[in-house]
Structures are given as structure tokens and as C-alpha cells.
Amino acid sequence: MSAAISSVVSTRGLTKHYGRVRALDGLDLDVGAGQIHGFLGPNGAGKSTTIRVLLGLARATSGEASVFGLDPWRDSVAIHRRVAYIPGDVSVWPNMSGGEAIDLLARLRGANRRDPTVRAERERLEAAFEFDPRKKGRAYSKGNRQKVALIAALSTPADLYIFDEPTSGLDPLMEVMFRREIARVRDAGATVLLSSHILSEVEHLCDRVSIIRAGQIVETGTLAQLRHLTRTEVSFEAPSPMPPGEEVFPGAHDLVIEDGRVRFTVDSDAVTDVLPELARRDVQGLHIAPPSLEELFLRHYGERSATRVGTPR
């Protein structure tokens, strides 16, 4: 099986069918070593199906997939020794304490609980995530169940971390802590594949982003590379009275005057063409807002796919 040598994760023409449902429809994905790669799309786009194939939990219908240059279906045991995986919906053993569950999950990944380094790292993470390991699993909220999996995964080093909606159930303060920990493992040399539909999460963390729609990658690149696809909003205080020609700006779209401000959008790669005109008019209260992933997301999901039946994750 071929794979890009520089890629930790690589798929080519990957398909997965569930009956008439095409969950993946020719997916091409490359995740480079040492980067945080965002995997962005709504529920039903094929993110979780892709992850299941990469983990060897589902067999591809056709195409190629590799992790560390290995086949996920045939070499899943070897791959799992080097991977930490966090699902978006974590279940824990109801009669086992959180600490016992973390110990069990960490041991499955080869951790030695008697190792003082491992123990110290686990205690650091429990404090960072404000987690009480003494409670029984049945008493944990969704957020605390998520913390069990996060602490177990992060307390033992891995070469590849795969997160599928990892902050589901976490409050905003814990989301910030999660971002810090992910940046830490990336800085230590690990690779991260972060599947999410939370746009701000991807925008804050990721070095590169791939947008998936109907089982296909529709755009991939750095945030700077993808932002050319959207328009930047420009606004400033509306002068009174309005001078003649106020509505004319090079490359302006959707110009409106409301609430005492002039607003319009401009293609992001044409912002510099507008600046001289704004300077000539000596505008006040100028605000230029770069496009967000929200706009990228809406661009690609504004219309529902007419060729796909069903909505597997």
C-alpha cells in the first residue's frame, strides 16, 4: 500500500459504504508529522467513519489508508501501540472510580502506574482538569467522563493523538486547558488529528485544516490559505451627510448603511485595494474583520448534498 512518506496519516480514494449509504466517497487526506490537523465538518459528513477506518474499527470498501505507513485493518495492533484515541461520547464503568478507570485505560496503552513520572503526570493532569478521581463512574457528568478519557490519553506519550469531538461536555475553562495540553503534545513532537464541528476550537489550535463534505475533502490547507475563499467585512462610521459616491468602493459587495455605520464585504485577497480609498476618505472608527472558519463552513455546507442517502457520522 502506498502512502506519502512525510504523512503520519494518508488516505487515497477512500470509500466506505453502508448499504446504499456512501459514508466516504473518495476521501483524500494527508496529516503531516508534528502538526495539529483539523478535520472539520458537521455531523454526518464522514469524520467519525474516517476515524473508524484509520483505527481499524471498520474496513474500507475501497481505496487506500495508512497510519505510520501501516494498513489500519491488517496492522491495527501495531498502530494502536502508538496512538491515543478520544471519542466524543465516553462511557465509563459505573462501579469503578475515575482513578481506577484512568489506571486501566493507561495500562492498556503500556503505562506503569508505579513509574513516578507517569504518576506525577497523571496527578498534574487531574489538577489541571479539576478532576476528582475518587468518585464512582455512575456519578460522573458527561464532562467528567470526557476528562477520564483525556487524562488517560494524555498521561502516557503517544506518537499520534486522534480526537473525535474531544471537548464535548467540557466547560469553557476546561476547553482552554485542553488547548494548552494539545499544544504541549504537539511541541513535544506528536501529531494530532482533531475532528470537530466547533469552528473556534479548530481555529485556535490547528496548523492545517481539511474540510469534509459528503464523504469528500473539499478544501485543505493552512488557515491563511483557506481564508482567500471568503470575504472580509469592512465597516466604519457613516459620515453625515453622506458624500456623493460613498457607496462606491473597489471590489465592494453587499454594501449597507445602518446603525450609523457603513458596512460592506470584499474578497480577502483584495483588501489592500480598498485601503487607499478608505485613507483618501479619512474614515473614522474603521473595523476590518478577517473571515472565520464559520464562513468557510457555511460556504461548503450551504446546500445539502443531493447524491447521498443517510447521514452517518
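Residues numbered from 1 in each chain as written. Predicted model: local features only at pLDDT ≥ 70, side-chain atom pairs only at ≥ 80, totals over all residues. Heavy atoms only, no water.

### Structural notes on the pattern of salt bridges
Our working rule: Here a salt bridge means any side-chain nitrogen of Lys or Arg lying within 4 Å of a carboxyl oxygen belonging to Asp or Glu. The rule is simple: take the accessible area with a 1.4 Å probe, protein chains only, and divide by the maximum for that residue type; under 20% is buried, over 50% is exposed, in between is partly exposed. Helix numbers and strand numbers start at the N terminus; a helix is a DSSP run of H or I with at least 4 residues, a strand a run of E with at least 2.
Within this structure, the stated rule accounts for 19 salt bridges. The salt bridge involving Asp-25 is made with Arg-22; its shortest N-O contact spans 3.6 Å. Judged by its relative accessible area of 24%, Asp-25 is partly exposed. When the shortest N-O distance is used, the salt bridge between Arg-82 and Asp-159 registers 2.9 Å. A residue pair is termed long-range when its members are at least 10 positions apart, and Arg-82 in the loop between helix H2 (76-80) and strand S5 (83-86) and Asp-159 in the loop between helix H5 (142-154) and strand S6 (160-164) qualify at 77 residues. Accessibility expressed as a relative area gives 38% for Asp-159, which makes it partly exposed.

### Section: the pairing of strand S9 (residues 216-221)
As a reminder of what qualifies: For two strands to pair, DSSP has to find at least two bridges joining them.
The sheet contact formed by strand S8 (residues 208-213) and S9 spans five bridges and is antiparallel. The residue of S9 that forms the bridge with Ser-210 is Thr-220. In this structure, the hairpin formed by S8 and S9 is closed by a connection of two residues, where Ala-214 is found at a positive phi of approximately 50 degrees.

### Description of a nonpolar patch on the surface
Put simply, the rule reads: Patches here are clusters of residues that have more than 30% relative accessible area and form no salt bridge, with a 9 Å joining cutoff for like charges and a 5 Å cutoff for nonpolar side chains (Val, Leu, Ile, Met, Phe, Trp, Tyr). Computed by Shrake-Rupley with a 1.4 Å probe, the accessible areas treat only the displayed protein chains as cover when residues are assessed.
A contiguous nonpolar surface patch, about 220 Å² in accessible area, is contributed by Leu-275, Leu-286 and Ile-288. Mapped onto the elements of the fold, Leu-286 is located in the loop between helix H9 (271-281) and strand S13 (287-289).

### Observations regarding the packing of aromatic side chains
Short version of the rule: Pairing of aromatic rings covers Phe, Tyr and Trp, the last through its six-membered ring, and needs centres within 6.5 Å; plane angles under 30 degrees mean stacked, over 60 mean edge-to-face, and all others mean tilted. A ring has a charge above it when a Lys NZ or an Arg CZ is no more than 6 Å from the ring centre and no more than 35 degrees off the ring normal.
In this structure the tally under the stated criterion is three aromatic pairs. With a centroid separation of 6.0 Å and an interplanar angle of 10 degrees, the aromatic rings of Tyr-161 and Phe-163 are classed as stacked. One exposure class covers both Tyr-161 and Phe-163, and it is buried. Linked through ring pairs, Tyr-161, Phe-163 and Phe-178 together constitute an aromatic cluster. Of note, Lys-16 hangs over the ring of Tyr-18, and the distance from its end group to the ring centre comes to 5.1 Å. Positioned over the ring face of Phe-68 is Arg-82, at 3.7 Å from the centre of the ring.

### Structural notes on H9
Residues spaced three or four apart along an α-helix point in a common direction, a consequence of the helix completing one turn every 3.6 residues. Condition: Starting at the helix axis, one direction is taken to each C-beta atom, and the arc is that of these directions.
Buried within H9 are the following residues: Val-271, Val-274, Glu-277 and Leu-278. The arc that holds the buried residues of H9, viewed along the axis, is 120 degrees, so those residues lie on one side. The exposed set on the far side of H9, more than 90 degrees from its buried face, consists of Thr-272, Asp-273, Pro-276, Ala-279 and Arg-280. Asp-282 sits one or two positions beyond H9 and adopts a positive phi of about 55 degrees.

### Quick notes on the sheet that holds S6
Convention followed: With axes taken as lines fitted to C-alpha atoms, and helix axes fitted only over the stretch in contact, angles between N-to-C directions fall between 0 and 180 degrees. Only heavy atoms matter for contacts: two residues are in contact if any of them lie within 4.5 Å across the pair.
Read from one edge of the open sheet, six strands run S5-S6-S7-S3-S8-S9, paired in mixed fashion. In the strand order of this sheet, the two ends are held by S5 and S9, each with one partner. The average angle at which neighbouring strand axes cross in this sheet is 15 degrees, direction not considered. Seen against the sheet, H5 touches S5 and S6 and runs at an angle of roughly 170 degrees to S5. Across the sheet, helix H10 (residues 293-301) is in contact with strand S3 (36-40), S8 and S9; its angle to S8 comes to roughly 25 degrees.

### Some words on the packing of H5 against helix H6 (residues 172-187)
Spelled out, the test is: An angle counts as roughly parallel when it lies under 35 degrees, as roughly antiparallel when it exceeds 145, as roughly perpendicular when it falls between 65 and 115, and as oblique in every other case. Crossing chirality is assigned from the near helix's rotation relative to the far helix, an anticlockwise turn below a right angle marking it left-handed and a clockwise turn marking it right-handed. We call Asp, Glu, Lys and Arg charged. Ala, Val, Leu, Ile, Met, Phe, Trp, Tyr, Cys and Pro are nonpolar, and the rest, Gly among them, are polar.
Direction vectors running N to C along H5 and H6 enclose 20 degrees, while the axes themselves pass 12 Å from each other. Relative to H6, the element H5 lies roughly parallel. Judged by the twist between their axes, the crossing of H5 over H6 is left-handed. Contacts between H5 and H6 involve Lys-147, Leu-150 and Leu-154 on the former and, on the latter, Met-174, Phe-178, Glu-181, Ile-182, Arg-184 and Val-185. Classifying every residue of the contact of H5 with H6 by side-chain character gives six nonpolar, no polar and three charged.

### Section: the nonpolar core
Spelled out, the test is: Note on terminology: a nonpolar core comprises buried Ala, Val, Leu, Ile, Met, Phe, Trp, Tyr and Cys residues joined through side-chain atoms within 4.5 Å.
One finds Phe-129, Tyr-161 and Phe-163 to be the most contacted residues of the largest nonpolar core, which totals 68 residues. For this core, the element with the highest residue contribution is H5, accounting for seven residues. Once you skip the residues sitting within four places of it in the chain, Tyr-161 turns out to touch Ala-84, Ala-153, Leu-154, Thr-156, Val-185, Ala-190, Thr-191, Val-192 and Leu-193. In terms of nonpolar packing, the next biggest core, distinct from the first, is built from 11 residues, Phe-236, Phe-264, Val-274 and Leu-278 among them.

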